[in-house]
Amino acid sequence: KAGVTQTPRYLIKTRGQQVTLSCSPISGHRSVSWYQQTPGQGLQFLFEYFSETQRNKGNFPGRFSGRQFSNSRSEMNVSTLELGDSALYLCASSFLAGGPDNEQFFGPGTRLTVL
Amino acid sequence: AQSVTQLGSHVSVSEGALVLLRCNYSSSVPPYLFWYVQYPNKGLQLLLKYTSAATLVKGINGFEAEFKKSETSFHLTKPSAHMSDAAEYFCAVRPRNTGGFKTIFGAGTRLFVKA
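Residues numbered from 1 in each chain as written. Chains lettered and ligands numbered in written order. Predicted model: local features only at pLDDT ≥ 70, side-chain atom pairs only at ≥ 80, totals over all residues. Heavy atoms only, no water.

Trainee: Could you clarify how one ought to interpret the pairing of strand S11 (residues 110–114) of chain A in this entry?
Mentor: Taken residue by residue, a regular strand's side chains alternate between the two faces of the sheet. Residues and elements named next belong to chain A. Taking every second residue as pointing to the same face, the buried face of S11 carries Thr110, Leu112 and Val114, while none of Arg111 and Thr113 on the other face is buried. Summarising the sheet, strand S2 (residues 10–13) and S11 pair through four bridges and their orientation is parallel. The residue of S11 that forms the bridge with leucine 11 is leucine 112. In this sheet, S11 lies alongside strand S9 (residues 87–94) in antiparallel orientation, the contact comprising three bridges. Paired with leucine 88 across the two strands is arginine 111, which belongs to S11. (Buried < 20%, exposed > 50% of the residue type's maximum accessible area, 1.4 Å probe, protein only. Helix = DSSP H or I, 4+ residues; strand = E, 2+ residues; numbered from the N terminus. Pairing = 2+ DSSP bridges.)

Pasting the structure below:
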């Protein structure tokens, strides 16, 4: 069974640009969550989607947005990039939404560098 | 608000020695608790989880953790460290009163294993 895939793996952008990251969950999984990992702030929850609906959202500005398609693939978009947006963006998928018994499987992440 | 604290950003042990990684949480209601491991350039992998069944939880790769409500702790241990255990470890909490995956991660502890 293929794992969670994220594309691209590495990305370099300049300030002010926008970027779209993609996540393909494990086949059959309907929940996708996004996290930002930085050396200073650690791992922070961005948002979670289940059946094309955003269920939870972290404390990030409106420049960060996401969506989920009918095939459960998800994209996140960051507009007007800032230097502080440089991070590893991790996607995680799960069969169901929430609950302790629904394990999240993480992808390898997309490393975004903003110059 | 819930939070999780990992004591020690870096821990160094000799191969064969006991591994102890500390995690304390702050919550009025015991949350779901997790330990994840992250190898370089990889996503997170679930080691073990506490969901209110047995307080001593066994995970993969010989790791285990004990939930102690009185101490609000969920420390991770392994009796004998292997070189392959060198990685970053994250303690995480997930509030019981949410329906999703709004997971809160600790800052992480990097484990070094000396030969």
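Trainee: Could you clarify how one ought to interpret the interface of chain B and chain A in this entry?
Mentor: Often, the extent of an interface is quoted as the loss of accessible area on bringing the components together. On the side of chain A, 28 residues touch chain B, which itself brings 19 residues to the contact. Scanning the region where chain B abuts chain A turns up zero salt bridges. Taken together, the connections running from chain B to chain A amount to one residue pair in polar contact (both at pLDDT 80 or more). Ranked by the residues each element gives to the side of chain B that touches chain A, the list is headed by strand S4 (residues 32–38) of chain B, at four residues. Tallied by class, residues from the side of chain B that touches chain A come to eight nonpolar, seven polar and four charged. (Contact = heavy atoms within 4.5 Å. Salt bridge = Lys/Arg side-chain N within 4 Å of Asp/Glu carboxyl O. Polar contact = N/O pair within 3.5 Å; in protein donor to acceptor, adjacent residues only side chain to side chain. Nonpolar A, V, L, I, M, F, W, Y, C, P; charged D, E, K, R; others polar.)

Trainee: How should the pattern of salt bridges be read in this particular structure?
Mentor: Side chains that differ in sign of charge can pair as their charged atoms come close. Taken as a whole and assessed by the stated rule, the structure comprises eight salt bridges over all chains. Two residues, glutamate 48 of chain A and arginine 55 of chain A, come together in a salt bridge whose shortest N-O distance is 3.8 Å. A salt bridge links arginine 110 of chain B to glutamate 88 of chain B, with the nearest nitrogen and oxygen atoms 3.0 Å apart. With arginine 110 of chain B in strand S11 (residues 109–114) and glutamate 88 of chain B in strand S9 (residues 87–94), the pair connects residues that are 22 residues apart, well separated along the chain. Here arginine 110 of chain B falls in the partly exposed class, since its relative accessible area comes to 32%. Through salt bridges with shared partners, one network takes in Arg63, Glu82 and Asp85 of chain A.

Trainee: Explanation requested: the sheet that holds strand S1 (residues 5–7) of chain A in the structure shown.
Mentor: Strands belonging to one sheet form pairs held by backbone hydrogen bonds; the direction of such a pair is parallel or antiparallel. All names here are of chain A. Ordered by their spatial adjacency, four strands build an open sheet running S1-S3-S8-S7, and the pairing between neighbours is antiparallel. The outermost strands of the open sheet, each flanked by one partner alone, are S1 and strand S7 (64–68). For this sheet, the mean inter-axis angle between neighbouring strands, taken without regard to orientation, is 20°. Relative to strand S8 (residues 74–78), S7 runs antiparallel, the two being bridged by five bridges. When the bridges of S8 are listed, serine 65 appears paired with asparagine 77. (Axes fitted to C-alpha atoms, helices over the stretch in contact; angles between N-to-C directions.)

Trainee: Would you take a moment to explain the state of the cysteines for this structure?
Mentor: Throughout this description, disulfide means a covalent bond between two cysteine sulfur atoms. Residue and element names in this part refer to chain A. All chains considered together, the criterion is met by two disulfides over all chains. A disulfide bridge connects cysteine 23 with cysteine 91, and the sulfur atoms are separated by 1.7 Å. Judged by the sign of its S-S torsion, about -55°, the bond between cysteine 23 and cysteine 91 is left-handed. Here cysteine 91 lies in strand S9 and cysteine 23 lies in strand S3 (residues 19–24), a separation of 68 residues in the sequence. With respect to class, cysteine 23 is no different from cysteine 91; both count as buried. (Disulfide = S-S within 2.5 Å.)

Trainee: Whenever I open this one, the nonpolar core confuses me. Can you help?
Mentor: Most often, soluble globular proteins have nonpolar side chains that are buried together. The biggest cluster of nonpolar side chains holds 26 residues, and the ones touching the most others in it are Trp35, Leu47, Leu48, Phe74, Leu76 and Tyr89 of chain B. At the level of secondary structure, the elements contributing two or more residues to this core comprise strand S2 (10–14), strand S3 (19–26), S4, strand S5 (44–50), strand S7 (64–68), strand S8 (73–78), S9 and S11 of chain B. In this structure, leucine 47 of chain B is in contact with Trp35, Tyr36, Val37, Gly59, Ile60, Asn61, Phe63, Leu76 and Tyr89 of chain B, ignoring residues within four places of it in sequence. Core analysis: the next-biggest nonpolar cluster, separate from the first, contains 21 residues, Val19, Phe47, Tyr89 and Val114 of chain A among them. (Core = buried A, V, L, I, M, F, W, Y, C linked by side-chain atoms within 4.5 Å.)

Trainee: I tried to follow the layout of surface pockets on my own but got confused; where do I start?
Mentor: Remark: the empty space left among the atoms is shown by a probe the size of a water molecule rolled over them. Empty space within the largest pocket amounts to approximately 510 Å³. Taken together, 26 residues line the largest pocket, and the ones lying closest to its centre are Gln37 and Arg111 of chain A together with Gln38, Glu88 and Arg110 of chain B. Those elements giving two or more residues to the lining of the largest pocket turn out to be strand S4 (31–38) and S9 of chain A together with S9 of chain B. Residue composition of the lining of the largest pocket, by class: nine nonpolar, 12 polar and five charged. The volume enclosed by the second largest pocket comes to roughly 420 Å³. What lines the second largest pocket is a set of 19 residues, among which Gln44, Phe45 and Asn59 of chain A together with Thr103 and Ile104 of chain B lie closest to the centre. Mapped onto the lining of the second largest pocket, the elements with two or more residues apiece are strand S5 (42–50) of chain A together with strand S1 (3–7) and strand S10 (104–105) of chain B. Ranked by residues supplied to the lining of the second largest pocket, first place goes to S5 of chain A with four residues. When its residues are assigned to classes, the lining of the second largest pocket shows eight nonpolar, 10 polar and one charged. (1 Å grid on protein atoms, 1.4 Å probe; cavity = no way out; pocket = protein on both sides within 12 Å on 5 of 7 lines; lining within 4 Å. Points joined across faces, edges and corners; volume = space filled by probe spheres on them.)

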